[in-house]
Amino acid sequence: MQKGEKLSDINLELFSKYSKPGPRYTSYPTALEFNSDFKYDEYIKFLESGKEKLSIYVHLPFCRSACYFCGCNVVFTSKESKLSRYVEYLKKEIDILANHIDRSREIIQFHFGGGTPTYYKAHELDEIVSYIKKKLGDFSSDAEVSVEIDPRFFNEDQMKVFKEHGFNRISFGVQDFNERVQKEVHRIQPFELTKEAVELARKYGINSINTDLIYGLPYQSLETFKETLNQVLKLDPDRLAVFNYAHVPWLKKTMRKFDETTLPSPAEKLKILQYTIDFLTDNGYKMIGMDHFAKPEDELFGAISKGELHRNFQGYTTKGGANLIGIGLTSIGEGKRYYAQNTKDMRAYEEAIDSGRLPFERGVVLSDDDYIRKSVIMELMANFAVDITRVEKEHNINFFEYFSDAIDELKRFEDEGLVEISKDAIKVSPTGTLLIRNIAMPFDAYMKKYIGNKKSFSKTV
(Lines give C-alpha, C1' and ligand atoms only; values in the text may rest on other atoms or scores of the structure.)
Protein backbone atom coordinates (compact mmCIF):
# COMPACT_ATOMS: atom_id res chain seq x y z
CA MET A 1 0.00 0.00 0.00
CA GLN A 2 1.24 3.48 -0.85
CA LYS A 3 0.97 6.36 1.59
CA GLY A 4 -2.41 8.01 1.28
CA GLU A 5 -3.99 4.92 -0.33
CA LYS A 6 -6.98 3.72 1.70
CA LEU A 7 -8.89 0.50 2.16
CA SER A 8 -11.73 2.18 4.03
CA ASP A 9 -14.17 1.83 1.12
CA ILE A 10 -13.86 -1.93 0.62
CA ASN A 11 -17.01 -4.03 0.61
CA LEU A 12 -16.76 -6.05 3.82
CA GLU A 13 -19.66 -8.30 2.86
CA LEU A 14 -17.82 -9.22 -0.33
CA PHE A 15 -14.73 -10.16 1.65
CA SER A 16 -16.61 -12.00 4.40
CA LYS A 17 -17.99 -14.49 1.88
CA TYR A 18 -14.43 -15.65 1.24
CA SER A 19 -13.96 -16.70 4.87
CA LYS A 20 -13.17 -20.40 4.57
CA PRO A 21 -10.44 -22.82 5.63
CA GLY A 22 -7.21 -22.33 3.71
CA PRO A 23 -3.43 -22.74 4.06
CA ARG A 24 -1.05 -19.96 5.12
CA TYR A 25 1.47 -21.33 2.62
CA THR A 26 4.60 -21.26 4.72
CA SER A 27 5.28 -24.31 2.57
CA TYR A 28 3.95 -26.00 -0.55
CA PRO A 29 2.90 -28.74 -0.35
CA THR A 30 1.57 -27.85 3.10
CA ALA A 31 2.44 -29.79 6.24
CA LEU A 32 -0.78 -31.82 5.85
CA GLU A 33 0.93 -33.58 2.94
CA PHE A 34 4.00 -34.58 4.96
CA ASN A 35 4.17 -38.36 5.34
CA SER A 36 6.40 -41.30 6.17
CA ASP A 37 6.91 -42.26 2.51
CA PHE A 38 9.92 -39.93 2.59
CA LYS A 39 12.53 -42.27 4.06
CA TYR A 40 15.49 -41.49 6.31
CA ASP A 41 18.17 -42.67 3.86
CA GLU A 42 16.68 -40.48 1.12
CA TYR A 43 16.78 -37.47 3.46
CA ILE A 44 20.43 -38.14 4.28
CA LYS A 45 21.26 -38.22 0.56
CA PHE A 46 19.66 -34.80 0.16
CA LEU A 47 21.74 -33.43 3.05
CA GLU A 48 25.00 -34.90 1.80
CA SER A 49 24.54 -33.79 -1.81
CA GLY A 50 23.38 -30.26 -0.97
CA LYS A 51 25.54 -27.39 -2.20
CA GLU A 52 23.29 -24.40 -1.43
CA LYS A 53 24.00 -21.90 1.29
CA LEU A 54 22.54 -22.79 4.69
CA SER A 55 19.74 -21.39 6.81
CA ILE A 56 19.60 -22.93 10.30
CA TYR A 57 16.55 -23.01 12.54
CA VAL A 58 16.80 -24.23 16.15
CA HIS A 59 13.57 -25.03 17.98
CA LEU A 60 13.60 -24.47 21.75
CA PRO A 61 10.15 -25.84 22.65
CA PHE A 62 9.84 -25.06 26.36
CA CYS A 63 7.46 -22.56 27.95
CA ARG A 64 6.64 -21.89 31.60
CA SER A 65 2.90 -21.84 30.90
CA ALA A 66 0.44 -21.90 28.03
CA CYS A 67 -0.67 -18.93 25.95
CA TYR A 68 -4.08 -20.22 24.91
CA PHE A 69 -3.92 -18.79 21.38
CA CYS A 70 -0.61 -20.48 20.55
CA GLY A 71 -0.46 -22.98 17.70
CA CYS A 72 3.23 -23.80 18.11
CA ASN A 73 4.67 -27.12 19.23
CA VAL A 74 5.60 -26.46 22.85
CA VAL A 75 6.44 -28.30 26.07
CA PHE A 76 5.28 -26.76 29.34
CA THR A 77 7.63 -27.17 32.28
CA SER A 78 9.13 -25.40 35.29
CA LYS A 79 11.97 -27.93 35.63
CA GLU A 80 15.36 -26.52 34.66
CA SER A 81 16.71 -30.06 34.34
CA LYS A 82 14.51 -30.63 31.28
CA LEU A 83 15.94 -27.55 29.59
CA SER A 84 19.57 -28.48 30.25
CA ARG A 85 18.96 -32.09 29.14
CA TYR A 86 17.56 -30.79 25.87
CA VAL A 87 20.70 -28.72 25.26
CA GLU A 88 22.79 -31.87 25.51
CA TYR A 89 20.60 -33.62 22.96
CA LEU A 90 20.76 -30.61 20.63
CA LYS A 91 24.52 -30.89 20.71
CA LYS A 92 24.33 -34.61 19.90
CA GLU A 93 21.97 -33.86 17.02
CA ILE A 94 24.39 -31.23 15.73
CA ASP A 95 27.20 -33.81 15.89
CA ILE A 96 25.21 -36.16 13.67
CA LEU A 97 24.31 -33.36 11.26
CA ALA A 98 27.97 -32.39 10.99
CA ASN A 99 28.68 -35.85 9.55
CA HIS A 100 26.23 -35.25 6.69
CA ILE A 101 26.73 -31.57 5.79
CA ASP A 102 29.58 -29.99 3.90
CA ARG A 103 31.12 -27.51 6.35
CA SER A 104 32.21 -25.23 3.50
CA ARG A 105 28.57 -24.27 2.88
CA GLU A 106 28.01 -20.69 3.97
CA ILE A 107 25.52 -20.08 6.81
CA ILE A 108 23.55 -17.00 5.78
CA GLN A 109 20.61 -17.26 8.18
CA PHE A 110 20.14 -18.44 11.76
CA HIS A 111 16.98 -18.36 13.86
CA PHE A 112 16.01 -19.36 17.41
CA GLY A 113 12.30 -20.19 17.64
CA GLY A 114 10.03 -21.80 20.18
CA GLY A 115 8.45 -22.13 22.65
CA THR A 116 10.23 -19.43 24.55
CA PRO A 117 13.91 -19.28 23.52
CA THR A 118 14.70 -16.82 26.30
CA TYR A 119 13.30 -19.23 28.87
CA TYR A 120 16.88 -20.51 28.67
CA LYS A 121 19.67 -18.94 30.71
CA ALA A 122 22.26 -16.82 28.93
CA HIS A 123 25.04 -19.39 29.27
CA GLU A 124 22.83 -22.10 27.73
CA LEU A 125 21.98 -19.93 24.72
CA ASP A 126 25.68 -19.19 24.32
CA GLU A 127 26.47 -22.90 24.53
CA ILE A 128 24.04 -23.77 21.72
CA VAL A 129 25.20 -21.07 19.31
CA SER A 130 28.88 -21.67 20.05
CA TYR A 131 28.47 -25.38 19.39
CA ILE A 132 26.75 -24.78 16.05
CA LYS A 133 29.56 -22.47 14.97
CA LYS A 134 32.15 -25.03 16.08
CA LYS A 135 30.53 -27.98 14.31
CA LEU A 136 28.73 -26.51 11.29
CA GLY A 137 30.68 -23.32 10.62
CA ASP A 138 30.56 -19.63 11.46
CA PHE A 139 27.85 -17.29 10.20
CA SER A 140 28.60 -15.22 7.10
CA SER A 141 29.42 -11.54 7.64
CA ASP A 142 26.03 -10.46 6.31
CA ALA A 143 23.99 -13.29 7.84
CA GLU A 144 20.49 -12.66 9.14
CA VAL A 145 20.71 -13.81 12.78
CA SER A 146 17.46 -13.62 14.72
CA VAL A 147 15.54 -14.74 17.78
CA GLU A 148 11.94 -14.71 18.99
CA ILE A 149 11.62 -13.14 22.44
CA ASP A 150 8.89 -13.16 25.04
CA PRO A 151 9.46 -9.86 26.93
CA ARG A 152 8.41 -11.58 30.15
CA PHE A 153 11.55 -13.74 29.92
CA PHE A 154 14.37 -11.46 28.80
CA ASN A 155 17.39 -10.00 30.57
CA GLU A 156 20.63 -8.18 29.83
CA ASP A 157 22.84 -11.26 30.18
CA GLN A 158 20.89 -12.92 27.36
CA MET A 159 21.15 -9.77 25.27
CA LYS A 160 24.92 -9.72 25.74
CA VAL A 161 25.10 -13.26 24.34
CA PHE A 162 23.01 -12.29 21.32
CA LYS A 163 25.23 -9.27 20.70
CA GLU A 164 28.40 -11.34 21.01
CA HIS A 165 27.16 -13.85 18.43
CA GLY A 166 26.11 -11.25 15.90
CA PHE A 167 22.33 -11.32 16.29
CA ASN A 168 20.86 -8.46 14.28
CA ARG A 169 17.11 -9.11 14.30
CA ILE A 170 14.82 -9.55 17.29
CA SER A 171 11.11 -10.32 17.21
CA PHE A 172 9.06 -9.50 20.29
CA GLY A 173 5.78 -11.27 20.95
CA VAL A 174 3.10 -8.73 21.89
CA GLN A 175 -0.21 -10.06 20.47
CA ASP A 176 -2.41 -7.45 22.22
CA PHE A 177 -2.06 -4.90 25.03
CA ASN A 178 -5.71 -4.93 26.12
CA GLU A 179 -5.92 -6.25 29.70
CA ARG A 180 -9.13 -8.21 29.17
CA VAL A 181 -7.75 -9.89 26.06
CA GLN A 182 -4.47 -10.68 27.82
CA LYS A 183 -6.29 -12.27 30.75
CA GLU A 184 -8.47 -14.38 28.45
CA VAL A 185 -5.53 -15.68 26.41
CA HIS A 186 -3.48 -16.33 29.56
CA ARG A 187 -0.65 -13.96 28.74
CA ILE A 188 -0.35 -10.96 31.04
CA GLN A 189 2.26 -8.63 29.53
CA PRO A 190 2.04 -4.93 30.47
CA PHE A 191 3.11 -2.30 27.96
CA GLU A 192 5.92 -1.01 30.21
CA LEU A 193 7.49 -4.47 30.41
CA THR A 194 7.52 -4.75 26.62
CA LYS A 195 8.88 -1.21 26.29
CA GLU A 196 11.80 -2.03 28.60
CA ALA A 197 12.59 -5.15 26.57
CA VAL A 198 12.65 -3.19 23.31
CA GLU A 199 14.84 -0.48 24.87
CA LEU A 200 17.29 -3.14 26.05
CA ALA A 201 17.63 -4.47 22.50
CA ARG A 202 18.12 -0.95 21.15
CA LYS A 203 20.79 -0.31 23.80
CA TYR A 204 22.82 -3.15 22.30
CA GLY A 205 22.52 -1.86 18.76
CA ILE A 206 19.71 -4.02 17.38
CA ASN A 207 18.44 -1.98 14.45
CA SER A 208 15.84 -4.44 13.19
CA ILE A 209 13.09 -5.03 15.73
CA ASN A 210 9.82 -6.75 14.88
CA THR A 211 6.67 -6.90 16.98
CA ASP A 212 4.06 -9.64 16.57
CA LEU A 213 0.37 -8.80 16.89
CA ILE A 214 -2.64 -11.10 16.53
CA TYR A 215 -6.15 -10.04 15.57
CA GLY A 216 -9.15 -12.32 16.00
CA LEU A 217 -8.58 -13.08 19.70
CA PRO A 218 -11.40 -13.25 22.26
CA TYR A 219 -12.95 -9.90 23.24
CA GLN A 220 -11.03 -8.01 20.59
CA SER A 221 -12.83 -5.32 18.64
CA LEU A 222 -11.79 -2.60 16.26
CA GLU A 223 -11.80 -0.10 19.13
CA THR A 224 -9.62 -2.19 21.45
CA PHE A 225 -7.17 -2.98 18.66
CA LYS A 226 -6.85 0.70 17.77
CA GLU A 227 -5.47 1.31 21.25
CA THR A 228 -3.02 -1.59 20.92
CA LEU A 229 -1.77 -0.14 17.63
CA ASN A 230 -1.28 3.28 19.23
CA GLN A 231 0.80 1.69 21.98
CA VAL A 232 2.85 -0.41 19.57
CA LEU A 233 3.70 2.70 17.60
CA LYS A 234 5.38 4.08 20.74
CA LEU A 235 7.79 1.13 20.56
CA ASP A 236 8.85 2.29 17.07
CA PRO A 237 9.40 -1.21 15.62
CA ASP A 238 11.14 -1.53 12.27
CA ARG A 239 8.80 -4.31 11.20
CA LEU A 240 5.43 -5.61 12.35
CA ALA A 241 3.75 -8.94 11.82
CA VAL A 242 -0.03 -8.71 12.22
CA PHE A 243 -1.39 -12.23 12.14
CA ASN A 244 -4.94 -13.47 11.74
CA TYR A 245 -5.55 -15.75 14.75
CA ALA A 246 -5.66 -19.37 13.59
CA HIS A 247 -8.42 -20.99 15.63
CA VAL A 248 -7.82 -24.75 15.39
CA PRO A 249 -9.22 -26.22 18.64
CA TRP A 250 -9.29 -29.71 17.08
CA LEU A 251 -5.48 -29.52 17.04
CA LYS A 252 -4.70 -27.39 20.11
CA LYS A 253 -6.50 -28.22 23.36
CA THR A 254 -5.72 -24.84 24.94
CA MET A 255 -7.85 -23.14 22.27
CA ARG A 256 -10.87 -25.06 23.58
CA LYS A 257 -10.76 -22.83 26.65
CA PHE A 258 -12.15 -19.94 24.59
CA ASP A 259 -15.84 -19.20 24.46
CA GLU A 260 -16.17 -19.03 20.67
CA THR A 261 -18.95 -16.45 20.96
CA THR A 262 -16.31 -13.98 22.21
CA LEU A 263 -14.24 -14.29 19.03
CA PRO A 264 -14.72 -11.35 16.63
CA SER A 265 -16.72 -12.08 13.48
CA PRO A 266 -15.06 -12.27 10.04
CA ALA A 267 -16.50 -8.82 9.28
CA GLU A 268 -15.06 -7.37 12.49
CA LYS A 269 -11.68 -8.97 11.77
CA LEU A 270 -11.67 -7.43 8.32
CA LYS A 271 -12.42 -4.03 9.85
CA ILE A 272 -9.44 -4.53 12.15
CA LEU A 273 -7.16 -5.53 9.27
CA GLN A 274 -8.46 -2.75 7.07
CA TYR A 275 -7.86 -0.16 9.80
CA THR A 276 -4.44 -1.64 10.63
CA ILE A 277 -3.25 -1.35 7.03
CA ASP A 278 -4.45 2.25 6.74
CA PHE A 279 -3.09 3.18 10.17
CA LEU A 280 0.37 1.73 9.60
CA THR A 281 0.53 3.18 6.08
CA ASP A 282 -0.30 6.63 7.45
CA ASN A 283 2.45 6.20 10.04
CA GLY A 284 5.29 5.40 7.68
CA TYR A 285 5.05 1.64 7.17
CA LYS A 286 4.43 -0.34 4.01
CA MET A 287 2.76 -3.70 3.58
CA ILE A 288 5.00 -6.64 2.68
CA GLY A 289 3.53 -9.91 1.54
CA MET A 290 0.83 -11.31 3.82
CA ASP A 291 0.48 -9.97 7.38
CA HIS A 292 3.78 -8.07 7.42
CA PHE A 293 4.73 -4.38 7.46
CA ALA A 294 8.04 -2.54 7.49
CA LYS A 295 9.55 0.91 7.20
CA PRO A 296 10.36 1.91 3.60
CA GLU A 297 14.11 1.90 4.24
CA ASP A 298 13.99 -1.79 5.21
CA GLU A 299 15.99 -4.11 2.93
CA LEU A 300 12.83 -6.10 2.19
CA PHE A 301 11.65 -3.33 -0.13
CA GLY A 302 14.73 -3.60 -2.29
CA ALA A 303 13.96 -7.30 -2.62
CA ILE A 304 10.34 -6.57 -3.59
CA SER A 305 11.36 -4.16 -6.33
CA LYS A 306 13.64 -6.86 -7.78
CA GLY A 307 11.05 -9.60 -7.28
CA GLU A 308 13.45 -11.32 -4.86
CA LEU A 309 11.40 -11.40 -1.68
CA HIS A 310 11.10 -14.95 -0.35
CA ARG A 311 8.80 -16.69 2.12
CA ASN A 312 9.69 -19.57 4.41
CA PHE A 313 8.76 -20.91 7.85
CA GLN A 314 10.35 -17.85 9.51
CA GLY A 315 8.30 -15.38 7.46
CA TYR A 316 9.65 -13.06 4.75
CA THR A 317 13.34 -12.81 3.98
CA THR A 318 15.84 -11.63 1.41
CA LYS A 319 17.86 -14.81 1.97
CA GLY A 320 16.28 -16.94 -0.71
CA GLY A 321 17.70 -20.10 -2.22
CA ALA A 322 19.19 -21.39 1.03
CA ASN A 323 18.82 -24.94 2.29
CA LEU A 324 16.91 -24.69 5.59
CA ILE A 325 18.11 -27.15 8.24
CA GLY A 326 15.75 -27.69 11.17
CA ILE A 327 17.37 -28.66 14.47
CA GLY A 328 15.46 -29.78 17.55
CA LEU A 329 12.09 -31.26 18.40
CA THR A 330 9.48 -30.88 15.59
CA SER A 331 11.75 -28.61 13.49
CA ILE A 332 11.13 -28.44 9.74
CA GLY A 333 13.85 -28.30 7.11
CA GLU A 334 13.45 -27.29 3.49
CA GLY A 335 15.53 -28.10 0.44
CA LYS A 336 14.95 -27.29 -3.19
CA ARG A 337 13.00 -30.51 -3.68
CA TYR A 338 11.90 -31.60 -0.19
CA TYR A 339 10.55 -30.75 3.25
CA ALA A 340 11.70 -32.76 6.27
CA GLN A 341 10.30 -32.65 9.80
CA ASN A 342 11.73 -33.97 13.06
CA THR A 343 9.59 -35.97 15.46
CA LYS A 344 7.22 -34.15 17.82
CA ASP A 345 7.66 -36.74 20.59
CA MET A 346 10.48 -36.06 23.07
CA ARG A 347 11.11 -39.71 23.86
CA ALA A 348 11.33 -40.61 20.17
CA TYR A 349 13.59 -37.57 19.65
CA GLU A 350 16.06 -38.76 22.30
CA GLU A 351 15.91 -42.41 21.20
CA ALA A 352 16.75 -41.50 17.59
CA ILE A 353 19.73 -39.41 18.63
CA ASP A 354 20.96 -42.05 21.10
CA SER A 355 20.95 -44.53 18.22
CA GLY A 356 23.12 -42.19 16.13
CA ARG A 357 20.32 -41.10 13.79
CA LEU A 358 18.79 -37.70 13.15
CA PRO A 359 15.30 -37.38 14.70
CA PHE A 360 13.73 -37.16 11.23
CA GLU A 361 10.17 -38.52 11.14
CA ARG A 362 8.32 -37.42 8.02
CA GLY A 363 8.28 -35.04 5.11
CA VAL A 364 7.64 -34.88 1.39
CA VAL A 365 9.71 -35.05 -1.78
CA LEU A 366 8.42 -32.57 -4.35
CA SER A 367 7.24 -33.90 -7.68
CA ASP A 368 7.81 -31.81 -10.81
CA ASP A 369 4.22 -30.58 -10.49
CA ASP A 370 4.75 -29.65 -6.81
CA TYR A 371 7.91 -27.76 -7.74
CA ILE A 372 6.15 -25.71 -10.44
CA ARG A 373 3.14 -24.93 -8.26
CA LYS A 374 5.37 -24.02 -5.31
CA SER A 375 7.18 -21.41 -7.39
CA VAL A 376 3.88 -19.77 -8.37
CA ILE A 377 2.26 -19.88 -4.92
CA MET A 378 5.34 -18.57 -3.11
CA GLU A 379 5.77 -15.74 -5.63
CA LEU A 380 2.14 -14.74 -5.07
CA MET A 381 2.52 -14.88 -1.28
CA ALA A 382 5.75 -12.87 -1.30
CA ASN A 383 5.30 -10.35 -4.10
CA PHE A 384 1.51 -10.28 -4.71
CA ALA A 385 2.25 -11.03 -8.35
CA VAL A 386 3.39 -13.78 -10.70
CA ASP A 387 5.78 -13.19 -13.58
CA ILE A 388 4.20 -15.56 -16.10
CA THR A 389 7.01 -15.13 -18.63
CA ARG A 390 9.60 -16.15 -16.02
CA VAL A 391 7.59 -19.19 -14.90
CA GLU A 392 7.16 -20.39 -18.48
CA LYS A 393 10.86 -20.01 -19.23
CA GLU A 394 12.05 -21.54 -15.95
CA HIS A 395 9.75 -24.58 -16.08
CA ASN A 396 9.30 -24.95 -19.83
CA ILE A 397 5.50 -24.83 -19.72
CA ASN A 398 2.66 -22.91 -21.31
CA PHE A 399 1.31 -21.17 -18.21
CA PHE A 400 -2.29 -20.77 -19.37
CA GLU A 401 -2.53 -24.39 -20.51
CA TYR A 402 -0.83 -25.81 -17.42
CA PHE A 403 -2.92 -23.75 -15.02
CA SER A 404 -6.15 -23.54 -17.03
CA ASP A 405 -8.30 -24.62 -14.05
CA ALA A 406 -6.63 -22.06 -11.77
CA ILE A 407 -7.10 -19.27 -14.30
CA ASP A 408 -10.78 -20.16 -14.55
CA GLU A 409 -11.10 -19.96 -10.75
CA LEU A 410 -9.33 -16.60 -10.69
CA LYS A 411 -11.89 -15.08 -13.04
CA ARG A 412 -14.23 -14.29 -10.15
CA PHE A 413 -11.43 -12.40 -8.40
CA GLU A 414 -10.67 -10.59 -11.64
CA ASP A 415 -14.34 -9.67 -12.10
CA GLU A 416 -14.32 -8.13 -8.60
CA GLY A 417 -11.15 -6.12 -9.25
CA LEU A 418 -9.00 -8.17 -6.90
CA VAL A 419 -6.54 -9.46 -9.51
CA GLU A 420 -5.43 -8.40 -12.97
CA ILE A 421 -4.49 -11.13 -15.44
CA SER A 422 -2.49 -10.33 -18.57
CA LYS A 423 -0.48 -12.54 -20.92
CA ASP A 424 2.70 -11.65 -19.00
CA ALA A 425 1.66 -11.45 -15.37
CA ILE A 426 -0.89 -11.88 -12.62
CA LYS A 427 -1.05 -8.86 -10.33
CA VAL A 428 -3.03 -8.66 -7.09
CA SER A 429 -4.73 -5.33 -6.36
CA PRO A 430 -4.17 -3.56 -3.00
CA THR A 431 -7.56 -4.75 -1.75
CA GLY A 432 -6.91 -8.23 -3.13
CA THR A 433 -3.90 -8.59 -0.86
CA LEU A 434 -6.32 -9.07 2.03
CA LEU A 435 -7.40 -12.31 0.32
CA ILE A 436 -4.00 -13.48 -0.87
CA ARG A 437 -4.47 -16.95 0.68
CA ASN A 438 -7.70 -17.38 -1.28
CA ILE A 439 -6.06 -16.14 -4.48
CA ALA A 440 -3.18 -18.61 -4.10
CA MET A 441 -5.45 -21.58 -3.40
CA PRO A 442 -6.54 -22.24 -7.04
CA PHE A 443 -2.92 -23.17 -7.81
CA ASP A 444 -2.91 -25.77 -4.99
CA ALA A 445 -3.40 -29.25 -6.46
CA TYR A 446 -4.23 -30.73 -3.04
CA MET A 447 -7.11 -28.42 -2.08
CA LYS A 448 -9.85 -30.50 -3.70
CA LYS A 449 -9.56 -33.26 -1.11
CA TYR A 450 -10.15 -30.77 1.72
CA ILE A 451 -13.36 -29.26 0.33
CA GLY A 452 -16.01 -29.42 3.04
CA ASN A 453 -13.48 -30.38 5.72
CA LYS A 454 -13.73 -27.64 8.33
CA LYS A 455 -10.94 -29.20 10.41
CA SER A 456 -8.18 -28.85 7.86
CA PHE A 457 -6.93 -25.25 8.02
CA SER A 458 -7.69 -22.03 9.86
CA LYS A 459 -10.03 -19.60 8.15
CA THR A 460 -8.60 -17.21 5.58
CA VAL A 461 -10.64 -14.26 6.91
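Look a little higher up for the structure.
Keep in mind it's a predicted model, so treat the numbers as computed, not measured. (Residues numbered from 1 in each chain as written. Predicted model: local features only at pLDDT ≥ 70, side-chain atom pairs only at ≥ 80, totals over all residues. Heavy atoms only, no water.)

(A) Region of the structure containing the overall build of the protein. Check the secondary structure of the protein and you find 16 helices and 19 strands. Taking 23 Å as the expected radius of gyration for a compact globule of 461 residues, we find that the protein reaches 22 Å, a close match to that expectation. Along the first, second and third principal axes, the C-alpha set of the protein runs to 55 × 55 × 40 Å. Surface exposure of the protein reaches about 19700 Å², of which carbon and sulfur atoms provide 47%. (Helix = DSSP H or I, 4+ residues; strand = E, 2+ residues; numbered from the N terminus. Rg over C-alpha atoms; globule rule 2.2 N^0.38 Å. Areas by Shrake-Rupley, 256 points an atom, 1.4 Å probe, with all protein chains shown as cover.)

(B) Focus on the pairing of strand β4 (residues 107–114). With eight of eight residues buried, β4 lies mostly within the body of the structure. Bridge count for strand β1 (residues 54–60) against β4 is seven bridges, and the pairing is parallel. Each bridged residue has a counterpart across the sheet, and for V58 the counterpart in β4 is F112. Relative to strand β5 (residues 139–149), β4 runs parallel, the two being bridged by five bridges. Following the sheet pairing, F110 is matched in β5 by V145. Of the crossover connections in this fold, the one passing from β4 over helix α4 (residues 122–136) to the parallel β5 is right-handed. (Buried < 20%, exposed > 50% of the residue type's maximum accessible area, 1.4 Å probe, protein only. Pairing = 2+ DSSP bridges. Right-handed = clockwise from strand over helix to strand, strands pointing away.)

(C) The sheet that holds strand β18 (residues 419–421), seen in detail. Taken together, the three strands give an open sheet; going across it, the order is β17-β19-β18, and neighbouring strands pair in antiparallel fashion. Each having just a single partner strand, β17 (385–387) and β18 make up the two edges of the open sheet. Direction aside, the axes of adjacent strands within the sheet are offset by 10° on average. Two strands pair when backbone bridges link them, and β17 and strand β19 (residues 425–428) are joined in this way by three bridges, in the antiparallel orientation. Within β19, the position partnered with D387 by the bridge is A425. Where helix α13 (residues 388–395) meets the sheet, it contacts β17 and β19, and its direction lies at approximately 50° from that of β17. (Axes fitted to C-alpha atoms, helices over the stretch in contact; angles between N-to-C directions. Contact = heavy atoms within 4.5 Å.)

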